[in-house]
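The residues making up each chain are set out below.
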Amino acid sequence: MLMLEETHPLSSKMKITVDPEKLDNFSQNHVSFYMKYSSFVFRVLKKPSFQKFLHWMLEKEKIEEHTVRAVHVKVLPLRRKNGKGIAGNCDTSGGRIRIYPKTMKFCQIFTQKFGRNTLLVYAGNRARAALIHELLHLKYIEDEKTVRELTKEYFFVFTQKQSAEFACTLHLHDDIYGKISGEKVPPRRKRDSAWISQALKW
Ligand SMILES: [Zn+2]
């Protein structure tokens, strides 16, 4: 049988992982929630359309695919010392990327306010943006400002390429992000149309 799914080297390096010693800190209910979350994110990130996009982005940035050793979709969330959640991190010398979920508590509040479907859109986009961000760190190692700027640009390109499914999520994302975090999301700056139209050719 012919494989319909296009395989990309990055896709084969992705796996769901859990730190067994941390499992004791979570109830059975939490663990099963995070298992579902991670398998959802795993599927989202492995989608051929997104993998194709990442392949194009790595090529454009001249980041060689072999510098990515592994992408771990972590089952359990991770918090900074200040209590803020982490979306992802990258061990640039080892080429290992980790993507973390939002907490169950956050997801419950979010679902109450906006519904489950919106949560799925949000969780998927958050994971995509995190992976784009961490991949860019392989090149712009310490340059957080450039990484953030480029993440926005590339994420925008990706969403533009999606058909109706993601046509308005970027807007939605800003809107919801603003409501959840209480932060004012700055208006999207005017984009360089030449850059975008060139980018959309991937
Ligand atoms: Zn960063």
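The structure presented is a predicted model; accordingly, all values stated were derived computationally and were not measured.

Tell me about the overall build of the protein chain, residues and numbers included.
Counting its secondary structure elements, the protein chain contains 8 helices and 4 strands. Secondary structure elements of the protein chain, listed N to C terminal, follow the sequence α-β-α-α-β-β-β-α-α-α-α-α. In the protein chain, buried positions account for 43% of the 202 residues. Looking at the protein chain alone, contacts between residues at least 24 apart form 76% of all its contacts between residues at least 6 apart.

Could you give me a rundown of helix H4 (residues 104-114), with the residues and numbers involved?
By the burial criterion, the buried members of H4 are Met104, Phe106, Cys107 and Phe110. All buried residues of H4 project into a common sector of 150 degrees when viewed along the axis, lining one side. Turned more than 90 degrees away from the buried face of H4 sit Lys105, Gln112 and Lys113, all of them exposed.

With reference to specific residues and values, describe the nonpolar core.
Counting 41 residues, the largest nonpolar core has Phe53 and Leu135 as its most contacted members. Sorting elements by how many residues they give to this core places helix H5 (residues 116-137) first, with 9 residues. Every residue in contact with leucine 135, bar those within four places of it in the chain, is listed here: Leu10, Leu54, Met57, Leu58, Ile63, Val68 and Ile97.

Cut-offs applied
Residues numbered from 1 in each chain as written. Predicted model: local features only at pLDDT ≥ 70, side-chain atom pairs only at ≥ 80, totals over all residues. Heavy atoms only, no water. Helix = DSSP H or I, 4+ residues; strand = E, 2+ residues; numbered from the N terminus. Buried < 20%, exposed > 50% of the residue type's maximum accessible area, 1.4 Å probe, protein only. Contact = heavy atoms within 4.5 Å. Arc of directions from axis to C-beta. Core = buried A, V, L, I, M, F, W, Y, C linked by side-chain atoms within 4.5 Å.

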